[in-house]
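# A closer look at the structure
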Amino acid sequence: MRTVVRYGLAVATAASGHIHADLYVHGYRGIHVIGPMFLLQAADSFAVALLLLVTGTAVSLLGAAGLAGGALVGLLLSRTVGVFGFVAHGWQPAPQAALTIVAETLALLLLAYLVVLRGRRTPTEAATAAHRPTARRSRRE
């Protein structure tokens, strides 16, 4: 189950990267500071998605959390106080604004689920741990 959830997280992260890359190519590249940030978000999202597919380490999970959370915060700020002078309104650009909210919210939900799963042992893991010999420590006198 963990692998399936991790792959879903990779897909959600890559989807967010694709949306940011698409917006960069189709107009955002000309926006001062914001354009390069969209390109960086896309590149980082693709890299983290690949890491999630290959390893699923804690570092890749933290990367996915940072990317999804950061993108959602950036989206919220761009619609309220602005980001580096850039202000967006409502659901524009459509449908990318809505799609990115879905992708990044899904990523955060899947991350939360993975954190819960990491805290639990499957019956197989528990049985393996119960039959594993414990290491003996030697006492120095």
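Okay, so let's go over this structure. (Residues numbered from 1 in each chain as written. Predicted model: local features only at pLDDT ≥ 70, side-chain atom pairs only at ≥ 80, totals over all residues. Heavy atoms only, no water.)

## A word on helix α3 (residues 58-79)
Spanning 22 residues, α3 covers 32 Å between terminal C-alpha atoms, matching the ideal 32 Å at 1.5 Å per step. Looking at the buried positions of α3, the neighbouring elements they touch are α1 (2-25), α2 (34-54) and α4 (96-119). (Helix = DSSP H or I, 4+ residues; strand = E, 2+ residues; numbered from the N terminus. Expected span 1.5 Å × (residues − 1). Contact = heavy atoms within 4.5 Å.)

## With respect to the side chain of Ser78
Structurally, the position occupied by Ser78 is in helix α3. What makes Ser78 buried here is its relative accessible area of 5%. With sequence-adjacent residues up to four places away left out, Ser78 is seen in contact with Val83, Phe86, Val87 and Ala88. (Buried < 20%, exposed > 50% of the residue type's maximum accessible area, 1.4 Å probe, protein only.)

## Description of the layout of surface pockets
Volume-wise, the largest pocket comes out at about 360 Å³. If you trace the largest pocket, you find 23 residues lining it, with His20, Phe38, Ala71, Gly74 and Leu75 closest to the centre. Those elements that place two or more of their residues in the lining of the largest pocket are α1, α2, α3 and α4. Per-element accounting of the lining of the largest pocket gives the leading share, 6 residues, to α3. Class assignment for the residues of the lining of the largest pocket results in 13 nonpolar, 8 polar and 2 charged. (1 Å grid on protein atoms, 1.4 Å probe; cavity = no way out; pocket = protein on both sides within 12 Å on 5 of 7 lines; lining within 4 Å. Points joined across faces, edges and corners; volume = space filled by probe spheres on them. Nonpolar A, V, L, I, M, F, W, Y, C, P; charged D, E, K, R; others polar.)

## Things to note about the nonpolar core
When a protein is soluble and globular, its nonpolar side chains tend to lie buried together. The biggest cluster of nonpolar side chains holds 16 residues, and the ones touching the most others in it are Leu9, Leu52, Leu61, Ala64 and Leu114. Breaking this core down by element, the ones donating at least two residues are α1, α2, α3 and α4. At 5 residues, the largest contribution of residues to this core is made by α4. Residues within four places of Ala64 in sequence aside, it is in contact with Leu9, Thr13, Val48, Leu52 and Leu111. Counting 9 residues, the second-largest nonpolar core is a separate cluster that includes Leu23, Tyr24, Phe38 and Val83. (Core = buried A, V, L, I, M, F, W, Y, C linked by side-chain atoms within 4.5 Å.)

## Quick notes on empty space enclosed by the protein
Considering all chains together, one arrives at 1 cavity of 30 Å³ or more under this definition. Its boundaries defined by the atoms lining it, the largest cavity holds a volume of some 40 Å³. As for the largest cavity, its lining consists of Ala12, Thr13, Ser16, Gln41, Ser45, Ala64, Leu67, Ala68, Ala103, Glu104 and Ala107. For the lining of the largest cavity, the secondary structure elements donating two or more residues are α1, α2, α3 and α4. Its residues assigned to classes, the lining of the largest cavity comprises 6 nonpolar, 4 polar and 1 charged.

From the geometry alone we can't say anything about function, so treat these as descriptive.
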